[in-house]
Each structure stands twice: as structure tokens, then as C-alpha cells.
Amino acid sequence: MIEETDISKEGLLTAYKNIVMERLFDKKMLNASRQGFLPFYIPLMGHEAIHIGLGMAIRDEDFFYPYYRDFGVLLQMGIPIDTILSQVFATATDNEIGRDMPDHFSLKKYNIGAVITPVAGHLTSATGIAYAKKYRKQKGSVITTFGDGATSTPDFHVAMNFAGVYNLPMVFFVENNQFAISVPTYPSTDKAFSNTYEETRGAIYKKAEAYGFTGIRIDGTNFLEVYRATRQALESAENQPILIEAMTYRMGPHSTADDPNKYRTTTVIEGGDKDPLVVNQKMLKDMKILTDKDISSINAEMDETTSQLIDKYEKAPKPDKSTMMGNLYEDEPWYISEERGDIQ
Amino acid sequence: MIEETDISKEGLLTAYKNIVMERLFDKKMLNASRQGFLPFYIPLMGHEAIHIGLGMAIRDEDFFYPYYRDFGVLLQMGIPIDTILSQVFATATDNEIGRDMPDHFSLKKYNIGAVITPVAGHLTSATGIAYAKKYRKQKGSVITTFGDGATSTPDFHVAMNFAGVYNLPMVFFVENNQFAISVPTYPSTDKAFSNTYEETRGAIYKKAEAYGFTGIRIDGTNFLEVYRATRQALESAENQPILIEAMTYRMGPHSTADDPNKYRTTTVIEGGDKDPLVVNQKMLKDMKILTDKDISSINAEMDETTSQLIDKYEKAPKPDKSTMMGNLYEDEPWYISEERGDIQ
Amino acid sequence: MTQMTMVKALNSGLNNAMEKDDSIILLGEDVGTDGGVFRVTDGLLAKYGRERVVDTPLAELGIVGFGIGMSMAGLKAIPEIQFQDFIYTAMDQIINQMAKLRYRTNGDYTLPMVLRTPYGGGVHGGPYHSQSGEAYFTHTQGLTVVTPSNPYDAKGLLLSSIELNDPVIFLEPKRLYYAGKMDVPDDYYKVDLRKANVIREGDDLTIITYGPAVPLVKSTVEKNNVNAQIIDLRTLSPFDLETIMAGVKKTGKVLIVHEAPKMFGVGAELSATISERAIDYLAAPILRVTGLDIPIPFALEDYYVPNEKRIMAAIEKLLKY
Amino acid sequence: MTQMTMVKALNSGLNNAMEKDDSIILLGEDVGTDGGVFRVTDGLLAKYGRERVVDTPLAELGIVGFGIGMSMAGLKAIPEIQFQDFIYTAMDQIINQMAKLRYRTNGDYTLPMVLRTPYGGGVHGGPYHSQSGEAYFTHTQGLTVVTPSNPYDAKGLLLSSIELNDPVIFLEPKRLYYAGKMDVPDDYYKVDLRKANVIREGDDLTIITYGPAVPLVKSTVEKNNVNAQIIDLRTLSPFDLETIMAGVKKTGKVLIVHEAPKMFGVGAELSATISERAIDYLAAPILRVTGLDIPIPFALEDYYVPNEKRIMAAIEKLLKY
Ligand SMILES: Cc1ncc(C[n+]2csc(CCOP(=O)(O)OP(=O)(O)O)c2C)c(N)n1
Ligand SMILES: Cc1ncc(C[n+]2csc(CCOP(=O)(O)OP(=O)(O)O)c2C)c(N)n1
Ligand SMILES: [Mg+2]
Ligand SMILES: [Mg+2]
């Protein structure tokens, strides 16, 4: 039981608000997607504590290379909500002018890498960024997030190995929600899984040893635990890389394109004991940071805010087709100029 | 000190003869290469005990997927020397009609995979072969060899992970000669290495744990230790995959294309204490299997044999250019037939 | 006969083949329990068990390499790559092992395997769920590259690919997965891999196309009453030279339409081959209408792919020439 | 000015660039202590230290990905792939990250980096030390693909590539690494990436070629007194359309020569582009003389690559047409 903390009451309340906001955004965006306002969306339910803890832990001097399920981290980092939602709704004002999928942020000015769809495709880039930091003798570390499924990829191995060999300021952060899409992370006795192979036989956090550094496993449903472990890792990484495996459960579908009932019986449900929203509400109540009254007023406030924002972005203008040929090369080739004439 | 053994005296003598033969071939082929008879060659010095031990351990029911530095394994396995040398000298009688580089054997009828140049490019194939064995409920295991450098590749990780996940009858056998080409395997205090990065920070045999199975390290300069560990592994692999790291030292250059003096001071020299030829000679003498007289008569015999063979293959006819368009597809496309006319 | 979508036809083909031959193994991410993200392998796990319908870890390199090993050992692997966009970590296995194994061993090892993967646009998936990378494979000596344009061909070409004693890249146009139903035999049948399909006769020009672009070309020609011959290639490499040359010599005007980008793409080889052999028959330049030479932008995919307007502009240019 | 081989010229170029700009980092297998298997990076470790000349583990995926990260962070990475044949495990990084980063982020990230690799035959290295895979890169939107044909261009094009604010695939014809020396300035200079080089004027036909095939084309033309214009492309993508079209319109006959295989190769796009735009200027079919469409056989490499006989046969066919 956490009794005291290194974060102000205000900070804890903000964190809680962001958890609530993330949850509400999630539900409403799934809805928007069902109604056709959003062609694609990546659900967040189950990842809120990880996201908010990460957002709290990352410092100005760190570089963050996220994956596609990290919307909430940006919220807590204080990235303007308009910046975030223009991307998710692929509007004309999006920093990427709607070129990439929802949740594929690219925000260089905030030290955030360009999210890439191919799973783990950013891990070697992240280590290269860490190398640059070390070469330039800059403070801070690079933290990169990815899923449990990603640990099966070539990129995971190669990035971990490079981090070990060059002793890079790297925090590898696994958001272990126990599933890739339908493939579970570990062997399971659950009947629903009995017909599937698992992603890996070794516990993920232990894989760090193969590369000569440390791995730890933490509770990914408790944002304070995530915050503390991550902040400490960001500090220690300046001396040696580290792997963090944060355990949680993907409460929703993988994306708006699949139906989890096909391959599992959901074991963590909304409002249940292990729902991060419930876990952290209870914790903050026990810490006397949050009252029942706060809970309902925050909920009302966030409900209002998120509805208004989604409404605004659903209606926001989309990028014009005249934008689509630009910025492939700095110096545009002749055939690109010619093809501008083909856009009709 | 080994006092008694499960192998007949005759078997031990054959093994010793093959070690000598391998060493003599190696020296003579390097020579042939310097004189231009062999465009390319991959030196074996330092790997003899591994090769002969492996060749003794592999059973008829096993499948062997070698890498490019495994000439000697084939010798000991009893593959006809003519089959081996036709490949190395790329003659018209080569099973591959000279299409691949020296030491890139392909011998399906002996349950030997097709050696591939890209480092570790055969590892996932090897696991697929193991899967087929398991699916068909066939006896035996698949053993695949590769170098220390190969453990840095994507393929190593992916193949190890698949082997763990499907619990395949796989023996991963690392011939750790402490170098990739110029890059050492582990951090070294030797001054000659102080300017290089190392391939890995974790000990190779321990990497197996990341995949949920066992890794062991053995002395790769002692052919009996290699034989015993490998045979046992081939048996136990039917229940669970295993990784063996056999320690030795690459006494020569990486290939006929490089000069090791550029990047290291050779620490294991011919005739020295750690030279596998010396190690095993001494061991067999201590075991009273081998006398000084045997040593010199075997040497003379092998010198004669290898010289004659090399002489024969240096002069053997090369494949005719009329062969070169065949066997790309089973059913030859029109453009291949047309291009036959272009060969002049 | 059953009315089937392309997905159903492919599923039916896999089922027929697996029933007949227990050496066939399917493998890939989510092909088992989930039945494939596009449902092509739906129901096959239940019928054939987890030894033959293998859910794999998230590693395309492994999916391909594992399949190669199975086929080297006498099985017949049918790996699935969830989206063609994700195939590139397996490129080394495809180019260096799969495509070259027969040649470099002079047939000591052969490699009957079919690597299936959905490609092209249609799901508004942005730069990484919409790629048309066929040119990477057609340029790789040793591969056979096949792509169907309708449910009947999909099943028949898949079964022929499975019977081939060489590696096949089987590209499934996801745009057409659910684009319509068609009468498809429930039983085993084959469509010749080495024969292009003249899906429409015509005299004024020859349009060469394949896969996802075929229905668009057909509807454009029909709607605008163009007197065009349409050739659906079916197999991109090695392509059916004879049918193409017969068409070109007859009409003297050629339009190539595909969804993949133009530069150094499949259309370039078709154009080069034709003009190399029949320049004196050509009454007009060979034109190409293709996807744009940019990554596929998420919000603007519809402007990226060829459309009726662009095809008609090219046809009119050719007719007037 | 010093008489330099291509290897020396490249080494000199890297040295000039690193001297000027401490954000440049070289990385790759054996590039440091060993100085590169072909010695292109010889001596640079001693001069610039192990932080800037980085020996890497054996993982091409990592070499490229690591380089991308460095360049994203404001450094300028120059990764080396030891042989182009080994680049394919990095294809996902090249196609999906390197080539698309600027476009998909609309320039939020740009990626100045030069990926160097030796390609083509010349060392009798069989199927895996001799490949000419340029078509895989030219077909990838977002990449600039450059290949020099002599020591002077090698250095000048390399320095221009290093200055470019976009990713470059720099293909070094290993056949020409030590094929001869040439006067090369010791100082920094550049050769325009977007300009092809007309290395010989002529009236009867235009031969378009690049990289390893250039000296062969030149000597063949000279030896046989052919009145041919020769264009050395230098940059394969985006290629210099203007120079090509000027040549074609002048001579009306075109031969394309490259060492890479023909089918779906670089020559196909050149041929298609030309015939699309200038069919009425063409007095003969556009011909291609290329490597054969098979993997490179170890023992018979010399029969694989284009040679004088094959080039002259094509020239004669064109001249007679
Ligand atoms: C290389 C690659 N293969 C397949 C996919 C399709 N895909 C998208 S997400 C995903 C599962 C990823 O699981 P995990 O890494 O655990 O992350 P999670 O989505 O659970 O957060 C798959 C297979 C992809 N995007 N990239
Ligand atoms: C993918 C790939 N990259 C680079 C090379 C070039 N190369 C050939 S062998 C080698 C070193 C391999 O070292 P190791 O695995 O330790 O085996 P060893 O040669 O020492 O037996 C390298 C870098 C290659 N063949 N394949
Ligand atoms: Mg997951
Ligand atoms: Mg080694």
C-alpha cells in the first residue's frame, strides 16, 4: 500500500484526470469508428496506467520513441490535445497532414519519434538515437515502447544486442498486454487458448540477460509503480541499458478490425478488480488524494471535454489532395511533378 | 584426463586420421588458393576437433544443416571424398555443378542441408526441417552449426524462438572461434582489440535461457568432449531444443580474402598447446591409443592421400557453360530459353 | 458450385488441397485460432488441427524460413504474411534462400511452397497496409508470381500454385477479397498458371492488367463502350508472352494498368518487352496508368490508385494517336 | 590531384567529409579495425576514433536501423553493407523506415544518410557475392540510387550524396574498385547527382549504361569504331530524363546495357520511359544487353555478365535496322 509519494497532490490528480480522459476518449473513438467517422482506431483499454506512468516519468532531456498504442503517454506528457487529435482524425492541421494512420504520431519538436506500423520497426532507430545522444554527450536517455508480440521480431534482438554492445542509454519498455493479435504471449492453461501457440517460452524481462543487462518486471496497472520504475530506469540507463516488462491485459480488441471473442475469453473486464481505472481510483482514494465527489466531478468534466473535442475533430477539414505529392524528396523529381497532373 | 571411452580404438584412430587429413587439406588448399588453382577457400584450422566430434555424433536419423566452415564434419561423417572435393573445386562432377562457392555443400541424400553464404540464413530453414520431423513423428534431431558472429543476426533470434515455442528437436551448435571476420565475440583486454566493438555482451550459451531451453558451453578443442556433448544433445533434443557453444580459436584468416594481422595478434598458433591437433594427439597418446610411430605414419599416409586428391581435383574438368541456364524452374520460362542463345 | 467471395474461394481451395494431401501445412500470424485477419483460413484449424494450421510468433522472417525448411523436408508449406507490407524482414529468406535453392544446388533441393499475402489498397490502411510490392518479387529470378482477379481464378490459381514444384508468391488483392461473389466449384480444379486470360476481345487497343485493377479496367471499358481487348495476366512472372504479343500485333495500341507505382514497376517490363519485339506493330506509344510514385497516404488513398478518369484519358490518347 | 583507384577515391571522399563535419559517422561490419573488406574505410578509425568509425555486430538490419536513428537525431550516418547481397535482412528498414520517413511525417523527420555497398560481379563470389540488386532500390519511392563508374565520379558523387538531405543508396561497382587509377583531386568537390554524364558523343545510336558496365561499353564502342553516344546515368533514380531524351531524339536508336538481370530490371524502366515519350523518334526497337536472368553461378560468372560480343551483336542489329 502506497502511503506517501514524491509527487504533489496536484500532480496525482492530473494523472488521474488523464487516466479518465484516456478511457473516455477510447470509448468515444471506438464509437466514432463504429459510426464511420474514424476509419481505424487502436483501443487503449488496459494500458492507461502504463501510459500515464510513462508520461510522468519521461523528462525533457529524454527521447521517447513510442509504438502505435501510446496515445495516453502523449496526453500526460502535455502535448497539446489539438496536436494529438489532428493526428488521430487525420485532419488538414495534422503535423503529418493525414499521411499516416491514427495513433502514428511524429513530433520531433517534442523529442518524440515517428510511430511506424511494422511491429518493432522503430527499435533499431531508437538505439541509433541513443547512440547520437551518447556521441554528443547529451543528458537523458531514449525510451522506446513496444508490445509483447514485438519481442519475437528480428528488430527486438538486433536492437537489444546493439544497446548492449555499445552500452547505450536505452530503456526498452514492453507493454505486455498478454496478446499479439490473437496469439498469447505465454503458454496458457485457459481453454480458450489451448489451440494457439505462444509468442515466446522465456519470460520477457529475463531476455535482457542474453544481452548483458538487466530486465525487470513491474505491475503495469499501477501508474505510480510505472512512473517510479521508469524514472529510475531513465536515470540508470545513462550507465547501462535496461528492459522493463510492464504487465497488463488488453481489455478490448486489438484494433477496430478484429473480434477478440474469436480467440479468447476476456479475463479482465471494465470495472473489474484488475481494470487499471479501478486499481488507480482505489489507490488514490486510499491515499486520500481522491474522494468519491472528485471522482464524479472529474468524470463529468472529462466527459464534456472529450465529447466537445471529438465533435470538433470529426468535423475538422481533411487534407486537400493537392498536398499529396509533396515532401517525398527535398528536390522533387520530374516524374513526381508530372504525376501531380494525374490527381483527379 | 579421459581414461576410458565408449568408442573403439579403431574409431578413435579414424577420428585422429581425419583430424590430420583435415589439417593437411587445409594447408594444401590454402596453398592451391595462393597459386590460383582455387579462387576462394575457407580455412579450417582450429575447428578440427569440433568437426570430427560432430561427425562422430551425428546419426543416420539426424539431419545436419552446416555452415560454410564445416568441411571436416563431412569427412568424418563418411561422405565420399570425391563428392566433397568436386564441390570444393567446383568441377563438372559436383552435385551442384559448380554453382555455389567452395564449402557450400548440398547433399540431400545424406540428410545434409544446402550451405548458404548469408550468415545464419539457414537457421530458420533448419527449424522448419525439425518441425517436419516432429510432424512426421520421425526419429532423430536436426543439428545446425554456425559461428559466434551469427548469434548477432536476426535469424538466430527468430530460429531460437521458433524452436522454443514449438519445442522442436533442434541442436543449435555454435562453433565459437572468437571472431566474426575482424570483430571479436566478447569484450577483450588484448591491446590488439582495444579499438573494436564486440559482437555480444552476453555469453552465447546463456542466450538459450531467453528462449526457455538450455545452453551449455564445451571445450571445442577436444573431439571426444564435442562428440559426447553433441550425441547427448541429439538424444535430448527430441524432448527439448538445446544450444551448444563450443569454444575454440580461429587460427588462420577468416577466408583467403583477408589478413588477420590487420586486426589481431594470433594467440593460438600451430603446434602450440591449444592447437586442436596437439591437444588431441596428446590425449590419444595418454589414452594409449596412439604412439609416436602411429603419428608419423598417419601423417605420411595422409600427406600422400591429400596431395594425390588435390592434384586430381585441380585438374578435373569444370562445368560447361551449356549447363548454366538449367534448373532455375522446373518448367523453363521463355526468356530463359531465349537467353541460352546469349551465352558465348 | 457455390456463390463465393474471393476469400471463400481461397478458403475452399486450401480446404480441398489439405484434404487431399496431408503434407500441406499452413502457417502465419493469427491464421489458426483467429482464422486469419481476413478470414482466409477460417475453420481450417478446427478441421485439420494445430499441427497443420500453425499460429506463429510475430516474425515474418521466421514464417518464411520455417516454411522453407518444411518444404525442404518434403512437406508443402503455405505461409501467410498478414499484409504484404510486412514481408520485407523476410526478404533475405525470399531472395537468397527460397528463390535460389533449386538453382544453386542444381535441383538437389527443390522448394514447393506457396507464400500467400494480401496486397494493394482497399482498406484505407495508409503506408503500411496498402502496398503493392509485386515488382520486388517479379525481379527475383526463381520465383513464380501469381495474382488472381476474381474468386474462380483465385481458387484455381491457388491449387495450381500448390501443385507447382517451385516457390510461388501468391498475391491476393485485398480490395477484391469481398468485392463480389461468383459461382465457384466446391471441388478441386486448376487454372493454368502460364496462361493469361483474355477477358474481353476488342480491336482498337489492348489493355494489359492484373489483380486488383482488373474489375476497374473492365467496368471502365464497358461503361465507356471502348472496343478494347483486355488481358488479365494472372501470372506476372514468368508472364504469358504469347498471349500478349498476339494482342499487341492485332490492335497495335497498348495500355498497361496496375495499382503499384509506375517507376521501375511491372508495367515497365511489359512495355519494354513489347516494344523490343513489336515496335513495328505499334501505332502509338505504350502508355501506363498506375498508382502514384509515393507511399500510400492514409487520408488520400482514393486519389492514389488508378481510376476511371485516368484510364479513360489514356485510352482516348491512344485512340486519337 | 593524385592518381587514385576507386577505392582510394572513396576513401579520400569519406576523409574530406569527416574532416569537415563531425556529425558524420561510419558504421558497418569490419569497417573499423580492419578498414573494410575492400579497404574503403582504411585508416579512418585511426584518424577519427571508434566513436565515428563504428565496427558493428553481424546484423545488416541493425546497421541500417542504427544509422537511421543516428540521422533522425541530427547526425549523418554512412552505413556500409559488406556486400549488397547481404542487404536483404535490412529491406524492411530500407523500404518501410528509411525511404518513407520524410513522406509519411511530411518532413517532420528528414533522413540525410548514405548507405554504401559494393555490388555486381568481379570477384567470382558466386550467388552471394556478386548480385546487382539495384532494381529493388530504384523501385522504392523516396530513395536516391547512385552508382559511379570511375574514381573521379565515385568521390564527387559520394560527397554530393553526403550533402543531400535525403537517404541515398550508394552502389559501388566492386568490379571497378581496383580496375585502374585516375587523377582525382585530394580536396573536396562534388559531382551533380541529377546529371547524367555523356561520356562520348556519337550519331548512330545512344547507349545508356551505368556503373560496372560503363568501361566495357566504352571499350567495345572504341575498339569497334562505333559512332555511338554513350550516357553514363550516375544516378539511377531519379534519373536524368532530359539528357536521355536529348540523346534518343538525336540518334533514334537506343541500346541499354547493365550487369543486373534483365527481367523487371532497371533497363525496363528506361525503355518504357523512352518509348512512352519518343516512339516517333525511334528508328529501331530499344534493345537491352544485361546479365542473365539466373543467380550468378560460381564457376561460370564470366558467361553471366554482358560482354563485348553480346554488346556488338545488339549494336549491329540496331545499326542494320
Ligand atoms: C511486422 C509486422 N507484422 C505484423 C503486423 C500486424 N500486427 C499489427 S499489431 C500486431 C500484434 C502486436 O502485438 P504486440 O507487439 O503484443 O502489441 P499490442 O498490439 O498487443 O500492443 C500484429 C501481428 C505488423 N503491424 N507488423
Ligand atoms: C548476412 C551476412 N553478412 C555478412 C557476411 C560476410 N561475412 C561472412 S562470414 C562473416 C563472419 C562470420 O563470423 P562467425 O559467424 O563467427 O563465423 P566464422 O566465420 O568465424 O566461422 C561475415 C561478416 C555474410 N556472409 N552474411
Ligand atoms: Mg500485446
Ligand atoms: Mg567466428
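The structure we're discussing is the one just above.
Remember, predicted model here, so these are calculated numbers, not experimental data. Here the residue numbering is sequential within each chain, running from 1 through the sequence in written order. Starting at A for chains and at 1 for ligands, labels are handed out in the order in which the entities are written. Where local features are concerned, this predicted model is filtered to residues with pLDDT of at least 70; where side-chain atom pairs are given and counted, the filter is 80 or more; whole-chain, interface and lining totals use all residues. In computing side-chain values, all of the structure's heavy atoms are included and hydrogens and water are not.

Peer 1: Looking at this structure, how should I read helix 6 (residues 154-165) of chain A?
Peer 2: Given 3.6 residues per helical turn, the α-helix brings residues three or four places apart onto the same face. All names here are of chain A. The helix count covers DSSP runs of H or I at least four residues long, the strand count covers runs of E at least two residues long, and both are numbered beginning at the N terminus. Here a helix's expected span is defined as the number of its residues, less one, multiplied by 1.5 Å. The terminal C-alpha atoms of helix 6 lie 17 Å apart, and with 12 residues this matches the ideal 16 Å at 1.5 Å per residue to within 8%. For helix 6, a buried count of 12 out of 12 residues is recorded, marking the element as mostly surrounded by other parts of the structure. Exposure categories follow from relative accessible area, calculated using a 1.4 Å probe and restricted to protein chains: below 20% of the type maximum is buried, above 50% is exposed, and the middle band is partly exposed. Every buried residue of helix 6 is listed here: Pro-154, Asp-155, Phe-156, His-157, Val-158, Ala-159, Met-160, Asn-161, Phe-162, Ala-163, Gly-164 and Val-165.

Peer 1: Would you mind showing me how to read the site of ligand 2 here?
Peer 2: Each residue is tested against the molecule or strand, and it is near if at least one of its non-hydrogen atoms lies within 4 Å. Tyr-67, Tyr-68, Arg-69 and Gly-149 of chain B together with Glu-60 of chain D are the nearest of the 20 residues found near ligand 2. In this structure ligand 2 sits where residues from chains B and D come together. By the criterion applied in these results, polar contacts are pairs of N or O atoms within 3.5 Å in which, for protein atoms, one can donate a hydrogen and the other can accept it, and in which residues neighboring in sequence qualify only through two side-chain atoms. Note that an oxygen atom of ligand 2 is positioned 2.7 Å from one of the side-chain N or O atoms of Tyr-68 of chain B. Glu-60 of chain D places a polar side-chain atom, nitrogen or oxygen, 2.6 Å from a nitrogen atom of ligand 2. Residue-level accessible areas treat just the shown protein chains as cover; the underlying method is Shrake-Rupley with a 1.4 Å probe. Taken by itself ligand 2 offers 580 Å² of open surface, and the protein chains cover 95% of this. Under this grouping Gly is polar, as are all residues other than the nonpolar Ala, Val, Leu, Ile, Met, Phe, Trp, Tyr, Cys and Pro and the charged Asp, Glu, Lys and Arg. Residue classes in the shell around ligand 2 are distributed as 10 nonpolar, 6 polar and 4 charged.

Peer 1: I keep staring at the pattern of salt bridges and nothing clicks. Help me out?
Peer 2: Should the charged atoms of two oppositely charged side chains come close, the side chains can pair. One speaks of a salt bridge when a side-chain nitrogen belonging to Lys or Arg is within 4 Å of a carboxyl oxygen belonging to Asp or Glu. Following the criterion strictly, the structure yields 72 salt bridges over all chains and no others. Across the pair Asp-303 of chain A and Lys-28 of chain A runs a salt bridge whose closest N-O atoms are separated by 2.7 Å. Separated by 275 residues along the polypeptide, Asp-303 of chain A in helix 9 (residues 292-315) and Lys-28 of chain A in helix 1 (residues 9-34) bring together distant segments of the chain. Relative accessible area serves as the criterion here: at 18%, Lys-28 of chain A is assigned to the buried category. The closest approach of N and O atoms between Arg-116 of chain C and Glu-172 of chain C, which form a salt bridge, is 2.6 Å. Of this pair, Arg-116 of chain C sits in strand 5 (residues 113-119) while Glu-172 of chain C sits in strand 7 (residues 167-173), placing them 56 residues apart in sequence. The pair formed by Arg-116 of chain C and Glu-172 of chain C is uniform in burial state, with each residue classed as buried.

Peer 1: What is the right way to read the nonpolar core from this model?
Peer 2: For soluble globular proteins, nonpolar side chains are generally found buried alongside one another. Residues grouped as a nonpolar core are buried Ala, Val, Leu, Ile, Met, Phe, Trp, Tyr and Cys residues, joined through side-chain atoms within 4.5 Å. Ranked by size, the top nonpolar core spans 284 residues in total, and within it Ile-94 of chain C together with Ile-94 of chain D carry the most contacts. Contact criterion: two residues are considered in contact whenever any of their non-hydrogen atoms come within 4.5 Å of each other. Apart from the residues lying within four places of it in its own chain, the contact partners of Ile-94 of chain D are Val-64, Ile-87, Ala-99, Leu-115, Phe-137, Leu-143 and Ile-169 of chain D. If you look at the next biggest cluster of nonpolar residues, it comprises 64 residues, including Phe-71, Val-88, Phe-105 and Ile-242 of chain A.

Peer 1: Where do I start with the interface of chain C and chain B in this structure?
Peer 2: Frequently, the measure chosen for interface size is the accessible area removed from exposure when the parts meet. Tallying the contact residues gives 49 residues for chain C and 46 residues for chain B. Accessible surface is computed with a 1.4 Å probe, and the buried area is the amount of it that two parts give up when combined, taken over both parts together. For the chain C and chain B pair, buried surface summed over both sides reaches about 3900 Å², with 56% attributable to carbon and sulfur atoms. Counting the surface chain C buries against chain B, the share from its top three residues, Phe-66, Tyr-103 and Arg-104 of chain C, is 19%. Run the count over chain C and chain B and you get 5 salt bridges. Between Arg-102 of chain C and Glu-330 of chain B there is a salt bridge whose closest N-O contact spans 2.9 Å. Between the two partners, chain C and chain B, sit 28 residue pairs in polar contact (both at pLDDT 80 or more). Mapped onto the side of chain C that touches chain B, the elements with two or more residues apiece are strand 3 (53-55), helix 3 (60-72), helix 4 (91-98), helix 5 (101-104) and helix 10 (266-278) of chain C. With 9 residues, the top contributor of residues to the side of chain C that touches chain B is helix 3 of chain C.

Peer 1: Please explain the site of ligand 1 as it appears in this structure.
Peer 2: Every one of the 20 residues lining ligand 1 counts as a neighbour, but Tyr-67, Tyr-68, Arg-69 and Gly-149 of chain A together with Glu-60 of chain C are closest to it. At the site occupied by ligand 1, the surrounding residues belong to chains A and C. The contact in question runs from an oxygen atom of ligand 1 to an N or O atom on the backbone of Ala-150 of chain A, over 3.0 Å. The contact in question runs from an oxygen atom of ligand 1 to an N or O atom on the side chain of His-254 of chain A, over 3.4 Å. Calculation on ligand 1 without its partners gives an accessible area of 580 Å², and the protein chains cover 96% of this total. Here the residues of the shell around ligand 1 sort into 10 nonpolar, 6 polar and 4 charged.

Peer 1: Help me out: how do you make sense of the interface of chain D and chain B in this one?
Peer 2: The partner chain B presents 42 residues to the 39 residues of chain D that form the contact. Together, the buried faces of chain D and chain B total about 3600 Å²; carbon and sulfur atoms form 67% of this surface. Looking at the side of chain D facing chain B, the largest losses of area belong to Arg-50, Leu-58 and Phe-298 of chain D, adding up to 20% of the total buried there. At the boundary of chain D and chain B, one finds 0 salt bridges.

Peer 1: What exactly am I supposed to notice about the sheet that holds strand 11 (residues 228-232) of chain D here?
Peer 2: Backbone hydrogen bonds hold the strands of a sheet together, and the pairing may be parallel or antiparallel. Residues and elements named next belong to chain D. The mixed open sheet is built from 5 strands, whose spatial order is 9-11-10-13-14. The open sheet has two edge strands, strand 9 (197-200) and strand 14 (287-291), and neither has a second partner. With strand direction ignored, the average angle separating the axes of adjacent strands in the sheet is 25 degrees. The pairing of strand 10 (residues 205-209) with strand 11 spans 5 bridges and is parallel. Note that in strand 11 the partner of Thr-209 across the bridge is Asp-232. Sitting on the sheet, helix 10 (residues 266-278) touches strand 10, strand 13 (254-261) and strand 14, and the angle it makes with strand 13 is about 155 degrees. At least two DSSP bridges between two strands are required for those strands to pair. For helices, the fitted line uses only the C-alpha atoms of the stretch in contact; every axis is such a line through C-alpha atoms, and the angle between N-to-C directions lies from 0 to 180 degrees.

Peer 1: Explanation requested: unusual backbone geometry in the structure shown.
Peer 2: The residue after Ser-237 of chain C, namely Pro-238 of chain C, is reached through a cis peptide bond having omega -5 degrees. Within the secondary structure, Pro-238 of chain C is located in the loop between strand 12 (235-237) and helix 9 (241-251). In the Ramachandran plot, Phe-264 of chain C falls in the positive-phi region, its phi being about 60 degrees despite a non-glycine side chain. By secondary structure assignment, the location of Phe-264 of chain C is in the loop between strand 13 (254-261) and helix 10. Of the residues examined, Phe-264 of chain C reaches a relative accessible area of 4% and is grouped as buried. The backbone of Asp-30 of chain D sits at a positive phi, close to 65 degrees, despite the residue not being glycine. Topologically, Asp-30 of chain D is positioned in the loop between strand 2 (24-28) and helix 2 (44-48).

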